[in-house]
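In case you want the letters, here they are:
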Amino acid sequence: MSTSPHPAVRSSPKSPPVDSVRQQTAGKMASTDFDEQVVLFFHLADTDSSGSISVGELCEVLHKCGDNKSDEEIKKMFGAMDANIDNSVTLEELLQVLSQYDPKRKRECSLRAAFRELDTDNSGTISAEEVKVMLADYGLEEELKNIFDAVDKDGDGKINYNEFLSLVE
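As the structure is a prediction and not an experimental result, all values here were calculated from the model. (Residues numbered from 1 in each chain as written. Predicted model: local features only at pLDDT ≥ 70, side-chain atom pairs only at ≥ 80, totals over all residues. Heavy atoms only, no water.)

Caption draft 1: How the structure looks around the nonpolar core. Counting residues in hydrophobic clusters, the biggest one holds 19 residues, and the most contacted among them are Leu111, Ile126, Val131, Leu135, Ile159, Tyr161 and Phe164. Counting only elements with at least two residues in this core, the list comes to helix H7 (103-118), helix H8 (128-136), helix H9 (144-151) and helix H10 (161-168). Per-element tally for this core: the top contributor is H10, with five residues. (Core = buried A, V, L, I, M, F, W, Y, C linked by side-chain atoms within 4.5 Å. Buried < 20%, exposed > 50% of the residue type's maximum accessible area, 1.4 Å probe, protein only. Helix = DSSP H or I, 4+ residues; strand = E, 2+ residues; numbered from the N terminus.)

Caption draft 2: View of unusual backbone geometry. Phi is positive for Ile85, close to 50°, though the residue is something other than glycine. When you line up the elements, Ile85 lands in the loop between helix H5 (71-81) and strand S2 (89-90). Ile85 gets classed as exposed once you look at its relative accessible area, which sits at 72%. The phi dihedral of Asn87 falls on the positive side, at around 60°, and the residue is not glycine. Mapping Asn87 onto the fold places it in the loop between H5 and S2. Using a relative accessible area of 61% as the deciding quantity, one classes Asn87 as exposed.

Given below as structure tokens:
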């Protein structure tokens, strides 16, 4: 049975929204398409650039990303993705399996990935300096104080994940 390629295999990156400061700061973070994130994940996992990932590559990248699943759990997950049972998972197979995720779960995955992308020092919070770097991409460095005043609810000078969610929702 022939299936057409998943749309993300052919998609191009979205341009960031420019309507308001909130959209500009959240654009890179919240509108990042789940499928685009999967494509990035796949290329990160495909360390030998073979066009498919092995169970070993999947274990390695998931552990590096902080996933605490055991190798056995990952092997089970891998088996469910390997549609043609050739001991490798292609991007198409991965997208097919993940396309069945609940939309809320996809959004949560995208938001967590966006948060991790901004948290460049892996501290679990986003500092003013990390936001400043992102704002510079949009020429909005002068909005840093306004954003922190609006988002940093506990006043600690950092944005935690819950505060981040209030920015993008």
